[in-house]
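Topology and contacts: notes
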Amino acid sequence: MKTTWTALAGVMFLAACTPEKTESEVSAVEEPSVALPVLNTTAVAPVAKKVPYEMTAHGDTRVDNYYWMRDDSRTDEEILGHLESENTYVETVLAPLKERREALFEELVARIEKDDSTVPYFENGYWYNANYSGDKEYPVYIRKPSLDAEDEVLLDVNVMAEGHDYFSIGGIAVSKNNKLMAYAQDTLSRRIYTIYVQNIDTGEMYDDVLETTSGQVFWGNDNQSLFYIKKDLQTLLGFQVYRHTLGTTQSDDVLIYEETDTTFYTYLGESKDRSDIYIYHSHTDKSGVTVIDADNPTAPTKTFLPIQDGHEYDVAKLGDDYYVRTNLDAKNFRIVKVSGENTQDTSAWVDVVSHNPDVFIQDMTVMGNHLVVKEKVNGMLRLVSHNLTTGEHVTIPTEDPVFGAYFTGNTQADADHVRLYYSSLTTPPSIYDVDLNTLEFTLKKQNKVSDDFDAGMYASERVMIEARDGVSVPVSLVYKKSTFKKDGTNPLYQYAYGSYGATIEPTFRSSWVSLLDRGFVVAIAHIRGGQMMGREWYETGKMGQKINTFTDYIDVTKGLIAQNYADKDRVFAMGGSAGGLLMGAIANMEPSLYTAISAHVPFVDVVTTMSDASIPLTTGEYSEWGNPENADEYAYMLSYSPYDQVVAQDYPHMLVTTGLHDSQVQYFEPMKWVAKLREYKTDDNLLLFQTNMEAGHGGASGRFKRFESTALEYAFVLQLAGITE
């Protein structure tokens, strides 16, 4: 059986704030008593050489002067030297902010409780959790047979990470007999993991070493079989599912599934009762599930329901039945029940939660006698518990009208409670157990902010901003009551993502307290391309309607200025990855609207990347952005691709970051973009480009080190906002 550690995600990093300031101190935000440091703007920015490279498609020829910056091996000395020169330029320009960056870093890490632990969860006779201590960067994973028993250390990641610039643990799986542990580790940040097997009792490391994997690993219930996904080293797609037998070599492993359609992603999962291991087949607009019998791991796999265009579904097993969240004849999804014998017969489906075009069913978990459903109604989250015996349902009451919640640590198929990760923009992350019979909440843990933190000092709002086509876009806002005036004098920090249907929930972020305490209004723009307002919200922000993502963001900014939430001369935009594409687009479309833009690991060279199937993730995203082999899709992507649309104009101040080993957005995209911006921009504003030479898409590993980049960004933002404290 598998012990999943995903339940631990998001609960270890605590939030705090600086000590509450008096009214006289608050006034310093408006009238600095200390002069701003003068940046070293005489430093000379690196200038990249130009080597014309022609690319022709559909009769259109593009000349890319910076194509030479791509080096898949990441060993080219000229390229590495240029990246180091850019890093040196950043440090030279911002040298006068050294003390502020250090102070901000200390402020940010002070919000992490040094001695901390996750809430234990029970599985197969043991309680599992993870502990942090002191100044150590990494967790120690433990288990024990009872809550009052001594800890049994499974992995001390601090010891394992010694000597590595980067270190990450992927999946951890404990066998059904509780004697063996398989775990995955990545020491490069390319999300290519090696799996190891250890005897828990003796500490003996087995000779079984499985390389080039996705990091997921699951045990068959025979305590001998391991299931994992192997990656293509060029595209980094996980495409082959193997069964490994303990004591054999990897070359003897049995291939049980191979994904030949490169537009699909492949993942593994399992049922709560550990009888099923699932192979998930994920495409932007269709999905499927293949079932492995964990009790008979050498038996042939079974298709749960054949994949069909436009049909997305996921499953949850309870006893001999399955609950299926499906969009078949239900655009915003419905939930049906079907017996294990009839999974491929849709006529045997029985509605449990019927389709409602005004309600988007986002997620579900099933246990005991209850089905708990996450729903979105007009963009507002609602948790509904359905009694599977009586058919009655009730909304689970929550304190905050606008909040985020996730199912976490629900490992027991027969439980009578659901565990929730709960947070709002003013409520620190909390873990609750909710009794599904009485709806009573039991707080298991709330992340400590500081001894002086008072959530009542902050306020959040949900406002609707009308976009240029008449659609109302929801925006979540948070600010500190004592510094917010709503007279157009507060600086604004606006964040969004807006792709893949990802919904950015209005949850607490400890780092934002550093901005709120200095007078900022922080906004999350829930723009099209996500699913905050349902499936249609996503579909009208992708492919040939992608422009809505960018114009929504711009219109939210203008709306917040018009409604006096923001100082028009102090507006800061931030986004990462696909949100970095958003940053690149708004920089081209409305550069004068923003004081500065922070673009982290930005996907900006859309057409070139989507034209090259050898680049990781490209083929799996044709239905998100388009396939350049189609002339109309090529032309549409070209019309907004940030790299291709750079023109001679004034741009705002910009901070661009990347990781050399990024496996999702390759380092050379932002590198090329910055070089082209330097060539074309007609202003004297800052353009800073920092590359973490040891990290990938997720940034640095370790709970403290990751805040170095945040401190850099905030020092950059506060300087440009004219805030000295």
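Residues numbered from 1 in each chain as written. Predicted model: local features only at pLDDT ≥ 70, side-chain atom pairs only at ≥ 80, totals over all residues. Heavy atoms only, no water.

1. What about the packing of helix 2 (residues 77–93) against helix 12 (residues 668–680)?
Rules: Here, axes are lines fitted to C-alpha atoms. For helices the fit covers the stretch in contact, and angles between N-to-C directions go from 0 to 180 degrees. The helix and strand labels rest on DSSP assignments: H or I over at least four residues marks a helix, E over at least two residues marks a strand, and numbering proceeds from the N terminus. Handedness of a helix crossing follows the sense of rotation of the near helix relative to the far helix, less than a right angle counterclockwise being left-handed and clockwise being right-handed. In this analysis, two residues are considered to be in contact whenever any of their non-hydrogen atoms come within 4.5 Å of each other. Residues are grouped as follows: nonpolar covers Ala, Val, Leu, Ile, Met, Phe, Trp, Tyr, Cys and Pro; charged covers Asp, Glu, Lys and Arg; every other residue, Gly included, is treated as polar.
The interhelical angle for the contact between helix 2 and helix 12, taken along N-to-C directions, is 65°, at an axis separation of 12 Å. By crossing handedness, the relation of helix 2 to helix 12 is classed as left-handed. For the pair helix 2 and helix 12, the contacting residues are I79, H82, L83, E86 and Y89 in the first and M671, V674 and R678 in the second. Across the contact of helix 2 with helix 12, the residue classes break down as five nonpolar, one polar and two charged.

2. Structural notes on the nonpolar core
What counts is decided by this rule: The term nonpolar core refers to a set of buried residues drawn from Ala, Val, Leu, Ile, Met, Phe, Trp, Tyr and Cys, joined through side-chain atoms within 4.5 Å. Burial here depends on accessible area, computed with a 1.4 Å probe over protein chains only, as a share of the maximum for the residue type. Under 20% is buried, over 50% is exposed, and the range in between is partly exposed.
In terms of nonpolar packing, the biggest core is built from 120 residues, with Y493, Y553 and L560 touching the most fellow members. Sorting elements by how many residues they give to this core places helix 13 (residues 707–721) first, with nine residues. Contacts of L560, omitting those with residues within four sequence positions, involve V463, I465, V475, L477, L492, Q494, A523, Y565 and A566. Residues Y126, M160, I169 and Y183 belong to the second largest nonpolar core, which totals 18 residues.

3. Quick look at the sheet that holds strand 26 (residues 393–395)
Counted only if it meets this: At least two DSSP bridges between two strands are needed for those strands to be called paired.
Taken in spatial order, the four strands of this open sheet run 23-24-25-26, and their pairing is antiparallel. Strand pairing shows two members of the sheet lacking a second neighbour, strand 23 (359–367) and strand 26, which therefore form its edges. Pairwise comparison of adjacent strand axes, ignoring direction, gives a mean angle of 25° for this sheet. Judged from the eight bridges that link them, strand 24 (residues 370–377) and strand 25 (residues 380–387) form a sheet pairing that is antiparallel. When the sheet's bridge partners are listed, K374 is paired in strand 25 with L383.

4. Some thoughts on helix 7 (residues 547–562)
The cut-off we apply is this: In this scheme, a helix's expected span is set at 1.5 Å multiplied by one less than its residue total.
The terminal C-alpha atoms of helix 7 lie 22 Å apart, and with 16 residues this matches the ideal 22 Å at 1.5 Å per residue to within 8%. Counting buried residues in helix 7 gives 13 out of 16 residues, a clear majority hidden from the surface. Trailing helix 7 by a residue or two, N564 shows a phi angle of about 65°, which is positive.

5. Looking at the packing of aromatic side chains
Given two aromatic rings, one states the distance between the centres and the angle between the planes to describe the pair. The line we're drawing: Note on aromatic contacts: the rings of Phe and Tyr and the six-membered ring of Trp form a pair at centre separations within 6.5 Å, being stacked when their planes are under 30 degrees apart, edge-to-face when over 60 apart, and tilted otherwise. Note on criteria: charge over ring means Lys NZ or Arg CZ within 6 Å of the ring centre, with the direction from the centre no more than 35 degrees off the ring normal.
Summed over all chains, the structure comprises 29 aromatic pairs. Here the aromatic rings of Y553 and Y594 are separated by 6.1 Å at their centres, their planes lie at 40°, and the arrangement is tilted. Of this pair, Y553 sits in helix 7 while Y594 sits in the loop between helix 8 (578–589) and strand 36 (596–600), and the two are 41 residues apart along the sequence. The buried category is assigned to Y553, whose relative accessible area is 0%. The exposure class of Y594 is buried, given its relative accessible area of 4%. Its end group placed over the ring of F333, R325 keeps NZ or CZ at 4.2 Å from the ring centre.

6. Some details on the environment of Y651
By secondary structure assignment, the location of Y651 is in the loop between helix 11 (631–640) and strand 37 (653–659). Classification of Y651 as buried rests on a relative accessible area of 2%. Between the alpha carbons of Y651 and Y323 there is a distance of 51 Å; along the sequence they are 328 residues apart. In contact with Y651, other than residues within four places in its own chain, are A587, N588, P591, Q645, V646, L677, K681, D683 and N685.

7. Regarding the confidence of the model for the chain
So the rule is basically this: As a per-residue quantity, pLDDT reports the predictor's confidence and falls between 0 and 100.
Put simply, the chain has an average pLDDT of 92, and 94% of its residues get 70 or more. In this model, residues 1–32 is a region of pLDDT below 50 whose contacts with residues beyond four sequence positions or in other chains number 105 contacts.

8. A look at the pairing of strand 8 (residues 168–174)
Most of strand 8 sits inside the fold, with six of its seven residues counted as buried. Sheet topology note: the strand 8/strand 9 (residues 180–186) ladder contains five bridges and is antiparallel. Paired with S168 across the bridge in strand 9 is D186. Between the end of strand 8 and the start of strand 9, which pair antiparallel, lie five residues, with N178 showing a positive phi angle near 65°.

9. With respect to the sheet that holds strand 35 (residues 571–576)
Adjacent strands of a sheet pair through backbone hydrogen bonds, lying either parallel or antiparallel. Taking strand neighbours across the sheet as the criterion, the eight strands line up as 31-32-34-33-35-36-37-38 in an open arrangement whose pairing is mixed. The sheet is open, and its two borders are formed by strand 31 (458–466) and strand 38 (687–692), each paired with just one other strand. Between one strand axis and the next, the sheet turns through 20° on average, direction left out of account. Pairing of strand 33 (residues 492–495) with strand 35 involves four bridges; the strand directions are parallel.

10. Here we look at the side chain of E621
Formally: Here the positive residues are Lys and Arg and the negative ones are Asp and Glu; neither His nor the chain ends is included. Salt bridges are identified by distance alone: a Lys or Arg side-chain nitrogen within 4 Å of an Asp or Glu carboxyl oxygen.
Topologically, E621 is positioned in the loop between helix 9 (606–610) and helix 10 (622–625). Despite being buried, E621 has no salt bridge partner; K546 is the closest side chain of opposite charge, sitting 9.8 Å away. Those residues in contact with E621, other than ones at most four positions away along the chain, are Y265, Y500, M610 and G626.

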